[in-house]
Amino acid sequence: MHEFYPLIAVGAVVGVLSLIFVAAYAMMKDKKTAIGFDRYMADGEILRRLFKYAKPYWPSFLAVLVLMGFSIAYDVISPLIIGDIEEMIKQDFELEPLFIYVAVYASILVVSLVCTYIHAIILQKTGQKILSSIREDLFMHIESLSHAQLSSIPVGKLVTRITNDTNAISMMFTNILVNLVKNIFVIFVILAAMLLLNYQLTLMILCFVPFIILFTVIFRKFSRRAYRNVKDATTDINTFTSEHLSGMKIIQIFNREERKQQEFEERNRRLGRAKRQQIFVFGIFRPVVYMLYISSVLCLLYLGGRGYIKDTVFLGQTITSGTVVTFYMYISKFFNPIQSLAEQFNWLQSAFASAEKIFTVMDMEPQIVDSPDAIELSECKGNIEFKNVWFCYNEGEWILRDVSFKVNAGETVAFVGSTGSGKTTILSLICRNYDIQRGQILIDGIDIKRIKISSLRRQFGQMLQDVFLFSGTIRSNILLREEGIPDREVLAACKYVNADKIINRLENGLDEEVRERGNNFSAGQRQLISFARTIVHKPSVMILDEATANIDTETELLIQDSLDRLMSFGTLLIVAHRLSTIRKADRIIYLSHGQIKEQGSHEELLRLRGRYYKLYMMQFDRENSKKLQRLKNST
Ligand code: ATP
Ligand code: MG
């Protein structure tokens, strides 16, 4: 009996450890409510959707599986060769057979290494291809979302989906799945080989398996939580960073650097904590599995050692030194895949969580789509009609109430009204950036819901209230990747809107670099460039929102002159706070709280002596007093 004491001691240590882990497992509360981790897609569905991306590459995966067979063969055969060498050395040592053994071992090793290298390369290449097609699909889908949908998701979150989450998925194809298959295969093949060699020793090793399973289950729970925390903290920090980098100038102007730094540090610390927690969990799991491995090796050496010295029979089978050596190698080859299996399941979980987040974005049905019988609007005269239009961004909060007006082709119509009265909203409805709840919007007598969106938007030249320039060149910003327009026409458009004055002053002309958001240009310059962008495609209808804001007198005159020219360009809808810019409009519509209060020409509205008249007089007084002030200052 006493000869089994060492084995019992090992069992006791493993048992105590198990008790501690089970207690920790029972005490841990599962925080399912952590932000952004509410899984609702079944693993099967995620796999099915992911496999759709992998399907075109099945020959590559097949090749990888075949190549993998060679490295598995190495795992199985190499311990046998070493065991035979050991037997041979012990019994009657001869150099020649040893050379043969070594040569066979070396050849298998080389073949296995080459195969591993090739299959790693194939996997990386395939994984990257799958990854880029997922990324492209995601980006394309995001492009198809409506304005309302886009403003419901923070930009940082979308960036995380396109970068971090797609990376997690790429890991799955390049590493996890194939290794998962390989490891499962290796475990069974090694197990079979061990059973054939010595089933009693195999049974001894199998005694450790329940503990491995137990530890793995416990580890999974801890590591899932750690992963979840890391993911949430990463999304959080990305969202915060992208928003605050865009608004950094405001932070500096308002002297809020320290405050924002604290907020950033808080998020950074949270991410750091989550990462440490993850490292800690792995830091415990790996040594524990290693301990099990060492324990089984100790048991093997104890039993084997005795067998070697005294020819001990363990459960009826004699253990030779060759068996001990072979088993020693098999144990490590058996434990390694088990340990990585547990980790790979975790990576898989993490990849699934990422995939689910990506698919959730992809599952957002674009709200504004072409109706099945949508027609192509090949030519547009520019007649626009709003018929009893009601619209709200959020249900129940009406922004436009029963708005009706008509714009005839070639007319210039201006919208005025206090801030928040719905001017920008009206303009964005014409291009169908949002769908209206009640009423009808007609272009040349056709309901815009019946027109193909792309053909509808092609007819409009739209200049938004906040001018946005992309990084690139002036040319790329004016053309926005539309091809086939020669420089001559681009320059003509620039000249038409007086943007040529800016471009001529630039060293590289149209090729001058534009930095992110056009921050190396002034507000007025940006406006003139975006005027050129608006008219270069020769749209039938021009829509200008707030065309004259925050600009110097010289640029204002330039813009005013451009506007005068644009008025003869085609149908023009314009919003301007400065009434001097729209005096020449054919019609002025005065809005208040989403309703049309007055409409008519400048003179008509002045004669009416209503709201427009008041607004005009107010501006007139203010401008006069400014002039007076300037006069006083100069004298
Ligand atoms: P301004 O003269 O300041 O440009 P505006 O007349 O153009 O004002 P709109 O931008 O049309 O005003 O906004 C009208 C109303 O709709 C405002 O009360 C605003 O709060 C609301 N609103 C505008 N855009 C959105 C949006 N994306 N989601 C929810 N509400 C919005
Ligand atoms: Mg506006």
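Residues numbered from 1 in each chain as written. Chains lettered and ligands numbered in written order. Predicted model: local features only at pLDDT ≥ 70, side-chain atom pairs only at ≥ 80, totals over all residues. Heavy atoms only, no water.

A. Looking closely at the site of ligand 1. Lining the immediate environment of ligand 1, one finds Tyr393, Ile399, Thr419, Gly420, Ser421, Gly422, Lys423, Thr424, Thr425, Tyr434, Gln465 and His577. Calculation on ligand 1 without its partners gives an accessible area of 630 Å², and the protein chains cover 65% of this total. Per element, the largest residue contribution to the shell around ligand 1 is three residues, and it comes from helix α12 (residues 423-430). Residue composition of the shell around ligand 1, by class: three nonpolar, eight polar and one charged. (Near = heavy atom within 4 Å. Areas by Shrake-Rupley, 256 points an atom, 1.4 Å probe, with all protein chains shown as cover. Helix = DSSP H or I, 4+ residues; strand = E, 2+ residues; numbered from the N terminus. Nonpolar A, V, L, I, M, F, W, Y, C, P; charged D, E, K, R; others polar.)

B. Quick peek at the pattern of salt bridges. In this structure the tally under the stated criterion is 17 salt bridges. The closest approach of N and O atoms between Glu45 and Arg49, which form a salt bridge, is 3.8 Å. With a gap of four residues between them, Glu45 and Arg49 both fall in helix α2 (residues 43-54), about one helical turn apart. On the accessibility criterion, Arg49 (15% relative accessible area) is buried. Residue Glu263 pairs with Lys260 through a salt bridge whose shortest N-O separation is 3.6 Å. (Salt bridge = Lys/Arg side-chain N within 4 Å of Asp/Glu carboxyl O. Buried < 20%, exposed > 50% of the residue type's maximum accessible area, 1.4 Å probe, protein only.)

C. View of the packing of aromatic side chains. Enumeration over the complete set of coordinates arrives at 19 aromatic pairs. Here Phe219 and Phe285 contribute two aromatic rings whose centre-to-centre distance is 3.9 Å and whose plane-to-plane angle is 15°, an arrangement assigned as stacked. Separated by 66 residues along the polypeptide, Phe219 in helix α8 (residues 209-246) and Phe285 in helix α10 (residues 257-310) bring together distant segments of the chain. The buried category is assigned to Phe285, whose relative accessible area is 4%. Pairing Phe391 with Tyr393 gives two aromatic rings, centres 4.9 Å apart and planes at 80°, and the pair type is edge-to-face. (Phe/Tyr/Trp six-rings, centres within 6.5 Å; stacked < 30°, edge-to-face > 60°.)

D. A look at the sheet that holds strand β3 (residues 384-392). Reading across from one edge, β4-β3-β6-β7 is the order of the four strands in this open sheet, with antiparallel pairing throughout. At either end of the open sheet lies a strand with only one pairing partner, and these are β4 (398-407) and β7 (446-447). Relative to β4, β3 runs antiparallel, the two sharing six bridges. The residue bridging Glu385 from the neighbouring strand is Lys406, located in β4. Here α12 sits on the sheet in contact with β3, β4 and β6 (438-443), set at roughly 115° to β3. (Pairing = 2+ DSSP bridges. Contact = heavy atoms within 4.5 Å. Axes fitted to C-alpha atoms, helices over the stretch in contact; angles between N-to-C directions.)

E. Region of the structure containing the nonpolar core. Membership of the largest hydrophobic core comes to 75 residues, with the highest contact counts inside it found for Leu50, Phe334 and Phe335. By residue number, the principal contributor to this core is helix α11 (residues 321-362), which donates 17 residues. When near neighbours in sequence (up to four residues on either side) are disregarded, Phe335 contacts Ile205, Phe208, Ile212, Val289, Leu292, Tyr293 and Ser296. In this structure, Met463, Leu506, Ile574 and Tyr590 belong to the second largest nonpolar core, which totals 44 residues. (Core = buried A, V, L, I, M, F, W, Y, C linked by side-chain atoms within 4.5 Å.)

F. Layout of the packing of α2 against helix α6 (residues 155-197). Contact geometry of α2 with α6 gives a least axis separation of 12 Å together with a crossing angle of 80°. Here α2 is positioned roughly perpendicular relative to α6, judged by the angle of their axes. Of α6, the residues touching α2 (which contributes Leu47, Leu50, Phe51 and Ala54) are Ile169, Met172, Phe173 and Leu177. Its residues assigned to classes, the contact of α2 with α6 comprises eight nonpolar, no polar and no charged. (Parallel < 35°, antiparallel > 145°, perpendicular 65-115°, else oblique.)

G. A nonpolar patch on the surface, seen in detail. There is a patch of nonpolar side chains on the surface, built from Trp58, Leu62, Val66, Phe70 and Val111 and spanning about 510 Å² of accessible area. Here the element with the most residues in the nonpolar patch is helix α3 (residues 58-90); it accounts for four residues. In this fold, Trp58 is placed in helix α3. (Patch = residues over 30% accessible without salt bridge, like charges linked within 9 Å, V, L, I, M, F, W, Y side chains within 5 Å.)

H. Expanded view of the packing of α6 against helix α7 (residues 199-206). Running from N to C, α6 and α7 cross one another at 135°; their axes reach a closest spacing of 6 Å. Taken together, the axis directions place α6 and α7 in an arrangement best described as oblique. Of the residues in α7, those touching α6 at Leu191, Met194, Leu195 and Leu197 are Tyr199, Thr202, Ile205 and Leu206. Looking at the contact of α6 with α7, its residues break down into seven nonpolar, one polar and no charged.

I. Up close: the sheet that holds strand β14 (residues 595-600). One open sheet holds the six strands; their spatial order is β8-β11-β12-β5-β13-β14, and the pairing between them is mixed. Among the strands making up the open sheet, the edge pair consists of β8 (460-463) and β14. Going from strand to strand, the sheet's axes swing by 15° on average, the running direction of each strand aside. Here four bridges tie β8 to strand β11 (residues 541-545), and the two strands are oriented parallel to one another. Paired with Gly461 across the two strands is Met542, which belongs to β11. Against the sheet, helix α17 (residues 523-535) contacts β8 and β11, and its axis sits at roughly 165° relative to β8.

J. Looking closely at unusual backbone geometry. Located in the positive-phi region is Asp402, a residue other than glycine, with phi close to 50°. Summarising the element assignment, Asp402 is placed in strand β4. Of note, the phi angle at Arg432 is positive, near 60°, even though the residue is not glycine. Within the secondary structure layout, Arg432 lies in the loop between α12 and β6. Residue classification places Arg432 among the buried residues on the basis of a relative accessible area of 4%.

K. Structural detail: the confidence of the model for the chain. Counting all residues, the mean pLDDT for the chain is 83, and 92% of those residues have values of 70 or more. The lowest-confidence element of the chain is strand β1 (residues 313-314), averaging 58 in pLDDT; the highest-confidence one is β3, averaging 93. Throughout residues 33-37 the model reports pLDDT below 50, and contacts reaching past four residues in sequence, or to other chains, amount to nine contacts. (pLDDT = per-residue confidence, 0-100.)

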